[in-house]
Each structure stands twice: as C-alpha cells, then as structure tokens.
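Residues per chain are reported as follows:
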There are 2 protein chains.
Amino acid sequence: MENFEFFIPTRVIFGKETHLQVGKIVKEYGFHRVLVHFGGASAKKTGLLDAVLDALKAEGIGCVTLGGVQANPTLSMVRQGIELCLKEHVDFVLAVGGGSVIDSAKCIADGAGNPGVDVWSYFRHEAVPRTALPVGTILTLSASGSEMSASCVITNEENGFKRGFNSPTHRPLFSICNPELTYSVSRYQTGCGTVDITMHTLERYFTRTRDTMLTDRIAEGILKSTIEAGRIADREPDNYEARATLMWAGSLSHNGLTSAGRSFLMQVHQMEHELSGMYPQIAHGAGLSALWPSWARYVCSHDVSRFARYGVNVWNIDMDFENPMNTALAGIQATEDFYKSLGMPVTLKELGVERDRIEEMAEKCTNMGQRKLSGIVELGKEEMIEIYGMAMGE
Amino acid sequence: MENFEFFIPTRVIFGKETHLQVGKIVKEYGFHRVLVHFGGASAKKTGLLDAVLDALKAEGIGCVTLGGVQANPTLSMVRQGIELCLKEHVDFVLAVGGGSVIDSAKCIADGAGNPGVDVWSYFRHEAVPRTALPVGTILTLSASGSEMSASCVITNEENGFKRGFNSPTHRPLFSICNPELTYSVSRYQTGCGTVDITMHTLERYFTRTRDTMLTDRIAEGILKSTIEAGRIADREPDNYEARATLMWAGSLSHNGLTSAGRSFLMQVHQMEHELSGMYPQIAHGAGLSALWPSWARYVCSHDVSRFARYGVNVWNIDMDFENPMNTALAGIQATEDFYKSLGMPVTLKELGVERDRIEEMAEKCTNMGQRKLSGIVELGKEEMIEIYGMAMGE
C-alpha cells in the first residue's frame with residue numbers, strides 16, 4: 001500500500017425529496033445571493049428549477065440564474081458566469097444538473113473567487129486557485145462523480161483544448177443527491193453513466209500497486225453493485241433502489257475511496273479525451289465503453305492474476321486454475337457483454353470513427369509522441385495506435 | 001435504502017513516517033499553541049512523544065503537554081485539560097494515542113471552546129456545543145475509529161456514569177495514521193482492536209433496513225479484509241500491509257460509510273457498555289467478543305437470510321439452500337472461532353462475570369426496564385437477561 005491522503009469535506013444529503021431542503025441548507029450556511037447554474041430545457045420542463053428557486057426564495061435568499069450548460073462545458077459560459085457573479089455580488093454557486101453543470105459551476109467559482117486572474121491559467125497549470133466561491137450541487141445524473149470530487153473539466157472553444165485540473169476548492173460544500181431526479185434520464189444516458197461509474201473504479205483497480213486488499217474489496221463491491229443496479233435501471237427507469245445505488249456508487253467511485261493507497265493514471269480516460277475531442281458528438285461514457293475492452297485485452301497478459309481476480313470477484317466466473325488467462329479473458333468478455341446489453345457501443349466503428357484518424361489521436365494523447373502513460377503497461381504512441389486499431393472492431 | 005447524510009470532513013494523512021509531518025501540517029493551518037494530549041508511558045518510551053514535540057517546535061509552534069489518559073477516559077482529566085487550554089491560550093488540541101486519548105481530546109476541545117458551560121451537560125443532552133477548539137490526531141491504535149468519527153465517550157467518576165454523545169465538532173480536523181506506530185501494540189490489544197473494528201461494521205450490517213446492496217458489499221469487503229489482516233497481524237505484529245489494512249478498516253468502519261442508508265442502534269455495544277461499566281477491568285473489545293456470538297444466535301432466527309448471506313459473503317461458507325439456518329449458524333461459529341484464534345474471550349465466564357450480576361446489567365441497559373432497544377429483534381430486559389445468560393457459556 002502506498003502512502004495517501006484522503007480528504008472529502010463535501011456534505012452529502014442523500015435521498016427522496018432532499019432537493020426541497022436546499023433553501024434551508026443554503027440559509028444555514030449564511031449565504032445571501034446565489035447563482036443557480038443549470039443545463040438545458042429539462043430542468044425547466046420537469047419543474048425542478050422552479051422548485052429550487054421557490055425553496056431558496058422562501059428563505060429570503062436572492063437568486064441569479066444562468067442556464068444553457070451543455071455536454072463538454074465551455075470556457076465562454078464560464079466567463080459569462082464569472083462576470084455575472086461579480087456584477088451581482090453572488091456569494092454562493094449552486095449547480096443543478098450533472099457533471100457538466102457542476103464542472104462549469106466549479107470553474108465559475110474559481111474565477112469569481114479570484115477576480116483579475118484568467119481562469120484558464122489554472123488549466124495551463126500557470127496558477128493555482130487559493131480560494132474560490134463555495135459551490136453546492138443538486139445532482140440530476142449519476143455518472144461523473146463531480147458532486148464529491150476535486151476534478152473539473154472545461155473545453156476552451158477559443159483554441160479547441162479540453163482540459164481538466166484538480167483542486168481542493170473543487171470539492172463542493174454540499175451535494176444534494178435525490179435519486180428520484182434521475183428517473184427521467186434516457187436509456188442511453190443511463191448506460192453512459194453506468195459505464196462512467198464502472199470505469200472510474202476500474203481505472204483505479206487495474207494498477208501496478210500491490211497490497212491494497214481493502215481498497216480492492218471496496219472497489220469490487222462498488223463494481224458488483226453498479227452492474228446489478230445498472231441492469232435494473234436499464235429495465236426499470238423508476239426503480240428507486242437501483243437509481244439510488246447508481247447515484248451513491250457514482251459519488252464513491254471518484255471521490256478517492258477507490259484509489260486509497262494506489263497510484264493510477266486513467267489511461268482509458270486519457271485516450272477517450274482525444275476521441276471525444278476529435279468527435280464532439282461522442283458521449284464520454286460511450287467512448288469509454290468502446291475503448292475499454294480492447295485496452296483490457298491489450299494489457300491483460302502483463303497482469304493475468306489481476307484480471308483473473310476481476311473475473312472471479314466481480315463477475316463470479318469460476319477460476320481456471322490451470323489457465324488463469326481464460327478467466328481473465330472471460331471477465332473482459334463479461335464486461336463487454338454488459339456494456340452491450342445497456343445499448344453501449346463496444347467498438348469505435350459503431351461510433352463512426354474513421355481508421356485514418358487513429359494516428360492523430362495517438363499523437364495528441366502522447367503530446368506528439370513526447371510522453372508515455374504509465375500503468376500495467378506503459379503506453380506510447382505505437383501502443384495506442386494498436387489499441388485504437390483493435391477497438392475499431394473491423 | 002433510507003435517506004442519509006454523509007459528512008466526513010476529516011483530512012486523513014495515511015502511511016509510513018507521516019507523523020513526522022505534524023509540525024508542517026499544524027503550521028499550515030496557522031495554529032500557534034498546541035495542547036499535546038497523550039496516554040501513558042509508551043508514547044514516551046517509544047520516542048513518539050519526543051518526535052512529535054520536536055516536529056512542532058521545529059516550526060516554531062508552542063506546546064503544552066498533558067499525559068496520563070487511561071482506558072475509559074475520565075471527566076476529571078478532561079476538566080484538567082480544559083483549564084490548561086484556557087490558562088495557556090491553546091488554539092489547537094493534538095491527541096497522540098488511541099481512542100481513549102482522542103475522545104479525551106475531543107471533550108477538552110468542546111470545553112475549552114465553550115468556557116462557562118459545564119462539559120458534562122453535553123453528555124446529559126442538556127446543551128449542544130456549537131463550536132470547539134479544532135482537534136488533530138496521531139493514531140497509535142487501530143480500533144475505535146474515533147480518528148474519523150463524530151463520537152466521544154467519557155466516564156464521569158463523580159457519579160459512575162459512562163456516557164457518549166455525537167457532535168459535528170468531534171470530527172478531527174486531520175488524522176495522521178501511520179500503521180508503523182501500531183507494531184508495538186500487544187497481541188491482546190491487537191485482538192481487541194480487530195474485534196472492535198469488525199463489530200463497528202457488524203452492528204451496522206445486521207439491521208432491519210433492506211435494499212442497501214452497495215453499503216452491504218462495502219461492509220462485507222471491510223469485514224473480509226479485517227479478518228485477513230487480523231490473522232496476519234496476530235502472527236506477524238510488524239507486517240506493514242496487515243497493520244495498514246487494520247488501521248484504514250478501523251477508520252472506515254465507524255465514519256458513516258458502513259451505515260449509509262441504514263438505521264442502526266448497536267445493541268451489542270450498548271450491552272457491552274453495562275458490562276465494562278460494572279467490570280472496569282474488561283477491555284471494550286473483549287466484552288464485545290464475549291457477547292456477540294450469543295447475541296447473534298439469539299436473534300438469527302428472525303433474519304436467517306441475512307445471517308446466511310453473512311456466512312456466504314464474508315466467510316466463504318457454501319450456502320445450504322435447503323436449510324439456510326445451517327449456513328447462518330456456520331457464519332456465527334466462524335466468527336466465534338476467529339475471535340478465539342486471536343486470544344479473545346467468547347464467553348462472559350472467561351471474563352470473570354458473575355451470573356448474579358446479569359439482572360442488574362439488563363436493568364441498567366434498559367433504564368430499569370423502561371426502554372427497549374430496536375433492531376432485528378427488539379431487546380427488553382427479559383431478552384437481555386437471556387442473552388447475557390447464554391453468553392456466560394456455562
């Protein structure tokens with residue numbers, strides 16, 4: 001086990017109808033003027049936005065709204081939010097939505113808390129936000145884990161870069177997690193979220209670090225529960241227990257619990273970033289689903305015992321003691337079959353990716369061949385070309 | 001799954017040699033004058049106390065020391081600590097020790113943060129501490145989970161009452177967890193700690209709440225890891241990975257993770273409180289170990305499926321599908337055998353408890369028969385007399 005720090009100061013308020021408490025909670029902290037940040041039409045259509053504004057106003061809290069966040073939240077929207085916060089003397093940012101809205105809110109809070117500093121400089125690692133406006137969330141999508149994580153990913157349309165950075169200022173002050181708010185999430189988006197949750201855990205599970213038995217077992221428990229709940233939510237979108245399990249698993253998968261004592265680099269996430277960077281119509285979860293099985297088959301011979309353990313402990317596959325590779329491959333196949341059963345793509349071809357763009361993706365992901373990503377196997381440009389190629393599925 | 005709140009703002013710094021960082025960490029927070037609170041001779045003998053004081057002084061931080069905390073920390077020591085904090089203008093309390101030292105430090109911090117309020121009034125639920133001095137810990141014993149929990153238990157020698165209360169002020173600001181510091185813990189105390197960790201999880205696992213699949217699986221993972229690590233640490237006291245697993249499992253067992261979405265009342269803990277209240281020489285972990293198997297056999301017919309699940313998922317016992325009670329009882333037996341293998345008592349007789357004191361214990365635990373403890377089975381005075389009687393093991 002490696003040394004680690006674990007620090008998750010986010011207060012989670014989890015369960016039915018909890019979003020109606022938002023006014024009281026914001027008041028309890030003593031905030032006066034809130035930027036309510038949200039996405040598209042659905043928050044309005046479902047009545048959620050009105051319910052939130054009513055709850056805040058009932059406690060005498062001033063509200064400013066900024067809607068329209070889309071998947072892959074943009075720097076221009078962030079800049080608009082910062083300006084609004086400063087002009088309106090906002091002292092708290094409330095994100096009502098999924099990971100994109102929350103990430104946009106975190107970045108607005110970084111900017112509004114440090115007027116005069118260009119917020120993009122944080123993504124270029126030229127500066128570090130020492131403070132920020134506090135952020136709260138009302139979660140409407142189980143996927144990114146942003147509601148409890150230190151991460152934040154923004155796309156700069158000015159130069160086409162999609163970048164992320166972690167900061168203690170990014171842990172929300174509180175997150176209100178009501179699984180009922182995810183009943184209306186489409187089958188496809190539910191599948192993408194389920195893939196994302198499993199991948200946040202899997203990318204931390206398949207590492208070179210040994211002797212993390214407790215973290216491994218917690219990860220396996222989260223994976224088994226996510227698979228079971230993902231199957232149920234796919235059939236019964238308004239099954240509370242399944243939606244609740246996915247929501248809590250999403251938070252736990254990305255808050256640090258599943259990486260306690262381990263190094264990890266998220267190779268598949270990094271390869272997916274280039275994919276959805278080049279093909280913006282590809283949803284993050286769909287890109288991960290299309291890449292992971294090929295990544296796993298490429299690297300598994302370098303750590304057969306770990307992949308065999310995954311097959312046995314997560315998928316209940318009988319161990320083939322004479323040929324553990326059979327168990328390892330069966331676990332990968334079970335994962336692929338599961339993603340397929342949710343309607344997720346398991347090849348790049350299904351996503352319309354052209355083979356002749358592969359080299360460019362591998363170049364971007366390795367900074368023109370300058371860097372290699374460490375992991376079970378170190379991945380450089382050539383290795384990535386091979387994995388992207390396998391993932392084409394032709 | 002029931003609605004829940006999850007809030008663990010404690011920053012954990014975990015791993016080898018981490019205690020040497022304490023000066024830098026305290027300075028980072030800007031504290032000037034620290035009460036270093038510790039237990040008996042061992043902190044001095046091992047050189048830990050000197051190392052801590054040196055690390056603090058190297059950063060120019062003023063130190064006041066108060067040692068001598070014993071198992072079942074006392075109100076008189078707490079009052080002494082409060083007086084010292086006020087007199088010396090202490091702005092931070094650092095506990096160097098196990099659960100007793102940490103609980104004593106928490107209570108001192110409550111008192112020093114609210115001068116003029118009698119600290120015992122919090123335990124009588126006559127007042128609530130709105131603020132407190134911040135507390136940090138350097139953990140030397142894997143057991144109570146107090147390093148990440150909101151709880152605090154103090155014994156009032158003036159009236160013989162042992163009482164606890166939970167408060168958000170009790171979550172330490174940071175906890176430094178170096179498993180190496182537990183190498184010197186005796187076999188018996190290691191066993192008591194291992195029992196305490198498993199019991200913190202078991203008491204949350206055996207509840208009436210249904211549909212908590214994720215919390216259940218996390219609990220099972222913690223239990224399996226604790227059992228495995230407990231066996232290794234019993235044989236090899238200086239096995240780092242085993243000590244690290246026990247330490248992290250201890251924190252996770254009692255911080256709220258294993259009760260997310262569930263109600264629980266800790267019946268066995270409450271029955272044990274009366275036991276060690278009447279026989280102060282009985283260590284908490286030993287009392288739990290002597291009571292749990294009888295408690296489990298008494299209640300298991302009321303939730304056979306849950307006890308069978310425990311046998312299968314934690315102890316790898318084959319399910320007896322035709323007679324699940326066999327699996328349930330086998331899981332209880334496996335637990336008892338495990339505790340025994342660590343040198344722990346599994347009957348009250350081994351602890352020197354006299355049968356004619358049982359009625360008095362049951363009366364105290366039920367407030368003279370006035371209350372019943374809810375759980376898988378509601379326990380009143382008669383039921384407790386039966387369980388204490390079974391636990392005699394005669």
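All of these numbers come straight from a predicted model, not from anything done at the bench.

### Some points on the overall build of chain A
- Helix and strand content of chain A: 15 helices and 8 strands.
- A compact globule built from 394 residues should have a C-alpha radius of gyration of about 21 Å, and chain A, at 21 Å, falls within 12% of that.
- Along the longest, intermediate and shortest principal axes, the C-alpha atoms of chain A span 70 × 45 × 40 Å.
- Across the 394 residues that make up chain A, the buried fraction comes to 60%.

### Here's the deal with the domain arrangement of chain A
All names here are of chain A.
- One can read the domain layout of chain A as domain 1 (9-179) and domain 2 (184-389).
- On a C-alpha basis, the centroid separation for the pair domain 1 and domain 2 is 27 Å.
- Counting residues at the interface gives 22 residues for domain 1, matched by 18 residues for domain 2.
- Roughly 1,800 Å² is buried in total at the junction of domain 1 and domain 2, and carbon and sulfur atoms are behind 63% of that figure.
- Summed over the shared surface of domain 1 and domain 2, the result is 4 residue pairs in polar contact (both at pLDDT 80 or more).
- Residues that form the side of domain 1 that touches domain 2 fall into these classes: 9 nonpolar, 9 polar and 4 charged.

### Comments concerning the interface of chain A and chain B
- In this complex, chain A contributes 38 residues to the contact, which on the side of chain B involves 38 residues.
- A combined buried area of about 3,500 Å² lies between chain A and chain B, and 63% of that area is made up of carbon and sulfur atoms.
- Our count for the contact surface shared by chain A and chain B stands at 4 salt bridges.
- Notably, a salt bridge pairs glutamate 5 of chain A with arginine 11 of chain B, separated by 2.9 Å at the nearest N-O pair.
- Along the contact surface separating chain A from chain B lie 14 residue pairs in polar contact (both at pLDDT 80 or more).
- Contributions of two or more residues to the side of chain A that touches chain B are made by strand 1 (4-14), helix 8 (213-235) and helix 9 (240-253) of chain A.

### Quick look at the sheet that holds strand 8 (residues 174-177) of chain B
- Read from one edge to the other, the open sheet built from 12 strands follows the order 3(A)-2(A)-4(A)-5(A)-8(A)-1(A)-1(B)-8(B)-5(B)-4(B)-2(B)-3(B), with strand pairing classed as mixed. Of all strands in the sheet, those with a lone pairing partner are strand 3 (62-66) of chain A together with strand 3 (62-66) of chain B, marking the two edges. Between one strand and the next, the sheet's axes are offset by a mean angle of 25°, whatever the strand orientation.
- Relative to strand 8 of chain B, strand 5 (residues 135-139) of chain B runs parallel, the two sharing 4 bridges. Bridging across to strand 8 of chain B, threonine 137 of chain B finds its partner in serine 175 of chain B.
- The strands touched by helix 1 (residues 22-29) of chain B are strand 1 (4-14), strand 2 (33-38), strand 4 (92-97), strand 5 and strand 8 of chain B; relative to strand 8 of chain B, the strand with the most contacts, the crossing angle is about 170°.
- Relative to strand 4 of chain B, helix 5 (residues 99-113) of chain B is tilted by about 170°, and along the sheet it contacts strand 2, strand 3, strand 4 and strand 5 of chain B.

### Structural notes on the relation of the copies chain A and chain B
- The two copies are related by a screw motion: chain A maps onto chain B through a turn of 180° and a shift of 0.0 Å along the axis, at an RMSD of 0.0 Å. Such a turn and shift between the copies fits a two-fold axis. Taking C-alpha positions as the reference, the residue of chain A nearest the rotation axis is proline 9 of chain A, at 2.0 Å.
- Mapped onto chain B, 100% of the interface residues of chain A are again interface residues, and the two copies thus contact each other with one and the same surface.

### Considering the confidence of the model for chain A
- The pLDDT averaged across chain A works out to 96; a share of 100% of its residues lies at or above 70.
- This complex was scored by the predictor with a pTM of 0.96 and an ipTM of 0.95.

### Quick word on the UniProt feature "domain: Fe-containing alcohol dehydrogenase-like C-terminal" (unreviewed entry) in chain A
- Under the feature "domain: Fe-containing alcohol dehydrogenase-like C-terminal" (unreviewed entry), the UniProt entry names residues 193-391 of chain A.
- Its end C-alpha atoms 20 Å apart, residues 193-391 of chain A is made of 64% helix and 0% strand.

### Some details on the environment of tyrosine 298 of chain A
Residue and element names in this part refer to chain A.
- Among the secondary structure elements, tyrosine 298 is positioned in helix 11 (residues 284-299).
- The sequence separation of tyrosine 298 and histidine 269 amounts to 29 residues, and the corresponding C-alpha distance is 16 Å.
- Setting aside chain neighbours within four positions, we find tyrosine 298 in contact with Leu379, Glu383, Glu386, Ile387 and Met390.

### What about the packing of aromatic side chains?
- Using the criterion set out here, one finds 44 aromatic pairs over all chains in the structure.
- Between the aromatic rings of phenylalanine 206 of chain A and tyrosine 310 of chain A, the centroid separation amounts to 5.4 Å while the plane-to-plane angle is 75°, which identifies the pairing as edge-to-face. Pair noted here: phenylalanine 206 of chain A is in the loop between helix 7 (187-205) and helix 8 and tyrosine 310 of chain A is in helix 12 (residues 304-315), with a separation of 104 residues, a long-range link. Like phenylalanine 206 of chain A, the residue tyrosine 310 of chain A is buried in the burial classification.
- Taking the centre distance of 5.1 Å and the plane angle of 70° together, the rings of tryptophan 248 of chain A and phenylalanine 6 of chain B count as edge-to-face. Taken together, the residues tryptophan 248 of chain A in helix 9 and phenylalanine 6 of chain B in strand 1 connect one chain to another. Take tryptophan 248 of chain A and phenylalanine 6 of chain B: they sit in the same class, and that class is buried.
- Lying across the ring of tyrosine 205 of chain A, arginine 306 of chain A places its NZ or CZ 4.3 Å from the centre.

### Things to note about the environment of proline 293 of chain B
Residues and elements named next belong to chain B.
- Position of proline 293 relative to the elements: it lies in helix 11 (residues 284-299).
- Taking the relative accessible area as the measure of exposure, proline 293 reaches 1% and is therefore buried.
- For proline 293 and serine 251, which are 42 residues apart along the polypeptide, the C-alpha to C-alpha distance reads 24 Å.
- Once residues within four sequence positions are removed from consideration, proline 293 is found in contact with Ile332 and Glu336.

### Regarding the UniProt feature "domain: Alcohol dehydrogenase iron-type/glycerol dehydrogenase GldA" (unreviewed entry) in chain A
- In the numbering adopted here, UniProt assigns the feature "domain: Alcohol dehydrogenase iron-type/glycerol dehydrogenase GldA" (unreviewed entry) to residues 9-179 of chain A.
- Secondary structure across residues 9-179 of chain A divides into 33% helix and 23% strand, with the first and last C-alpha atoms of the span separated by 21 Å.

### Comments concerning unusual backbone geometry
- Phi is positive for histidine 89 of chain A, close to 55°, though the residue is something other than glycine.
- As for its placement among the helices and strands, histidine 89 of chain A is situated in the loop between helix 4 (75-88) and strand 4 (92-97).
- Residue histidine 89 of chain A is classed as exposed on the basis of its relative accessible area of 65%.
- Of note, the phi angle at methionine 368 of chain B is positive, near 60°, even though the residue is not glycine.
- With respect to the helices and strands, methionine 368 of chain B occurs in the loop between helix 14 (358-365) and helix 15 (381-392).

### Quick word on the packing of helix 8 of chain A against helix 9 (residues 240-253) of chain B
- Viewed as axis vectors pointing N to C, helix 8 of chain A and helix 9 of chain B meet at an angle of 45°, and their least axial separation amounts to 9 Å. Comparing their axes, helix 9 of chain B and helix 8 of chain A come out oblique. Only Thr245, Trp248, Ala249 and Leu252 of chain B of helix 9 of chain B make contact with helix 8 of chain A, whose side of the interface consists of Met213, Leu214, Thr215 and Ile218 of chain A.
- Here the contact of helix 8 of chain A with helix 9 of chain B is built from residues that sort into 6 nonpolar, 2 polar and no charged.

### A few points about the pattern of salt bridges
- Using the criterion set out here, one finds 38 salt bridges over all chains in the structure.
- In this structure, the salt-bridge partner of glutamate 126 of chain B is arginine 124 of chain B, at a minimum N-O distance of 2.7 Å.
- Within the structure, one salt-bridge network assembled from shared partners comprises Asp216, Glu220, Arg262, Arg306 and Arg309 of chain A.

### Some words on helix 1 of chain B
All names here are of chain B.
- Among all positions in helix 1, only Val22, Gly23, Ile25 and Val26 are buried. Within helix 1, the buried residues cover an arc of 165° as seen down the axis, which keeps them to one side. Among the exposed residues of helix 1, those pointing more than 90 degrees away from its buried face are Lys24 and Glu28.
- Of the surrounding secondary structure, the elements contacted by the buried residues of helix 1 are strand 1, strand 2, helix 3 (48-58), strand 4, strand 5 and strand 8.
- Among the residues trailing helix 1, glycine 30 stands out with phi positive, at a value near 85°.

### Details of helix 4 of chain A
Residue and element names in this part refer to chain A.
- With 14 residues, helix 4 ought to run about 20 Å at 1.5 Å a step, and its terminal C-alpha atoms sit 20 Å apart, in line with that.
- Listing the buried residues of helix 4 in full gives Leu75, Met77, Val78, Gly81, Ile82, Leu84 and Cys85.
- For helix 4, the elements touching its buried residues are strand 2 (33-38), strand 3, strand 4, helix 5 (99-113), helix 6 (120-123) and strand 6 (153-156).
- Positive backbone phi, approximately 55°, marks histidine 89, located one or two places after helix 4.

Quick notes on the rules
Residues numbered from 1 in each chain as written. Chains lettered and ligands numbered in written order. Predicted model: local features only at pLDDT ≥ 70, side-chain atom pairs only at ≥ 80, totals over all residues. Heavy atoms only, no water. Helix = DSSP H or I, 4+ residues; strand = E, 2+ residues; numbered from the N terminus. Rg over C-alpha atoms; globule rule 2.2 N^0.38 Å. Buried < 20%, exposed > 50% of the residue type's maximum accessible area, 1.4 Å probe, protein only. Domains from an automatic or database assignment. Contact = heavy atoms within 4.5 Å. Buried area = accessible area lost by both parts, 1.4 Å probe. Polar contact = N/O pair within 3.5 Å; in protein donor to acceptor, adjacent residues only side chain to side chain. Nonpolar A, V, L, I, M, F, W, Y, C, P; charged D, E, K, R; others polar. Salt bridge = Lys/Arg side-chain N within 4 Å of Asp/Glu carboxyl O. Pairing = 2+ DSSP bridges. Axes fitted to C-alpha atoms, helices over the stretch in contact; angles between N-to-C directions. Least-squares fit on C-alpha atoms with pLDDT ≥ 70 in both. pLDDT = per-residue confidence, 0-100. UniProt positions renumbered as here; feature names shortened; annotations may be inferred. Phe/Tyr/Trp six-rings, centres within 6.5 Å; stacked < 30°, edge-to-face > 60°. Lys NZ or Arg CZ within 6 Å of the ring centre and 35° of its normal. Parallel < 35°, antiparallel > 145°, perpendicular 65-115°, else oblique. Arc of directions from axis to C-beta. Expected span 1.5 Å × (residues − 1).

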